[in-house]
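One letter stands for each residue in the lines below.
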Amino acid sequence: MKSLIVGGCSYSAGYGLNYDDPESDCKESPDLWVNLCHRNIKKLNRLSLENIGQSGASNSEIFENLVEAISKNKNELEMVICGWTSMPRYNVNVGFELYDTSASLSLNNRTHKTNQINISRKYIKNLVDRLKVLHHCQWEIVKVLRYINILEAMAKKYKFQILHLNLLCPWDVGFFDVMQGDFLPMMLTEFTRKEILHIESRDDEEIFSLYKKQHQMYLEVGGVQKEKWINLYNSFNSLQVDTSYDGIHPGKESNKIFYSTVKDFIETH
């Protein structure tokens, strides 16, 4: 039987949709967009589904999980849907113990106690704030584009269809469209101006040179592959209209919107 693999973060894993345990994944929830798609899209309901979404996963972890799943199922694969998340995310293990020491630094979710030291939530938050000062988003975007093109190469080699989802990516509308001819820095997208180029502290010559370098870096790793994105500029986060039982993650109505977004794309392409 041919198979479908869906990857991503909590938006794919159904975090918060479990009424009995809101602070957990719920991949089996009938309300999760992944399952709505699998049940109701004719092209998908004849496939076996493997949902490898992982709450809190960074884009690097999403990529690693997808490569592993594809490698194991390459002979049966028909479609892979890759969900990409916010950036940067920092996931580490704070110690080697008999109990769980995993820490999702971006979420700053708990205090960690090991046999050597207690690591407080305040300490983690301070660490994340300092890391974000050092960690420029341009490099994370380049990394995601590199991952996308590696997966595209795997899709061609093993002959399966691959689609990409913007779950929580930070870029704005038109971000990957390259401005041509004469233009002013203020005509660039807000995310480009404020988060990538920081134009308020540069002169025009430097802005234009750096803008050229920015998009050259994207091309060098293969580009964004626009035609393979279901929602390049309309993230699931921006489409969210309600929350699940945890009061944060997407609820039933949001998941219906996510399902419709995927369904409309697959049925018209």
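Now for a look at the structure at hand.

About the cut-offs
Residues numbered from 1 in each chain as written. Predicted model: local features only at pLDDT ≥ 70, side-chain atom pairs only at ≥ 80, totals over all residues. Heavy atoms only, no water. Core = buried A, V, L, I, M, F, W, Y, C linked by side-chain atoms within 4.5 Å. Buried < 20%, exposed > 50% of the residue type's maximum accessible area, 1.4 Å probe, protein only. Contact = heavy atoms within 4.5 Å. Helix = DSSP H or I, 4+ residues; strand = E, 2+ residues; numbered from the N terminus. Expected span 1.5 Å × (residues − 1). Axes fitted to C-alpha atoms, helices over the stretch in contact; angles between N-to-C directions. Parallel < 35°, antiparallel > 145°, perpendicular 65-115°, else oblique. Nonpolar A, V, L, I, M, F, W, Y, C, P; charged D, E, K, R; others polar. Pairing = 2+ DSSP bridges.

**What to know about the nonpolar core**
Core analysis: the biggest nonpolar cluster contains 70 residues, and Trp33, Trp84, Ile141 and Trp171 have the highest contact counts within it. Dropping the residues within four chain positions of it, tryptophan 33 is found in contact with Val6, Tyr11, Ser12, Leu165, Phe236, Asn255, Phe258, Tyr259 and Val262.

**Focus on helix α4 (residues 59-73)**
The periodicity of an α-helix, 3.6 residues per turn, causes residues three or four places apart in sequence to face the same way. With 15 residues, α4 should cover 21 Å at 1.5 Å per step; its first-to-last C-alpha distance of 21 Å lies within 8% of that length. Along α4, the residues that are buried comprise Asn59, Ser60, Ile62, Phe63, Leu66, Ala69, Ile70 and Asn73. Elements in contact with the buried residues of α4: β1 (3-7), β2 (48-51), β3 (77-84) and α6 (137-158).

**Thoughts on the environment of arginine 46**
Here arginine 46 lies in the loop between α3 (42-45) and β2. Measuring from C-alpha to C-alpha, the distance between arginine 46 and lysine 2 comes to 7.9 Å, with 44 residues separating the pair along the chain. If we skip the residues at most four places from it in the chain, arginine 46 touches Met1, Lys2 and Glu78.

**Section: the packing of α4 against α6**
Two numbers describe how α4 lies on α6: the axes approach to 10 Å, and their chain directions differ by 10 degrees. Here α6 runs roughly parallel to α4, going by the angle between their axes. Contacts between α4 and α6 pair Asn59, Ser60, Phe63, Leu66, Val67, Ile70 and Ser71 from the former with Lys143, Val144, Tyr147, Ile150, Leu151, Met154 and Tyr158 from the latter. Residues that form the contact of α4 with α6 fall into these classes: 10 nonpolar, 3 polar and 1 charged.

**Digging into the pairing of strand β8 (residues 161-166)**
Across the 6 residues that make up β8, a large majority, 5, are buried. In terms of strand pairing, β3 meets β8 through 6 bridges, oriented parallel. Its bridge partner being in β8, glycine 83 is matched across the sheet by leucine 165.

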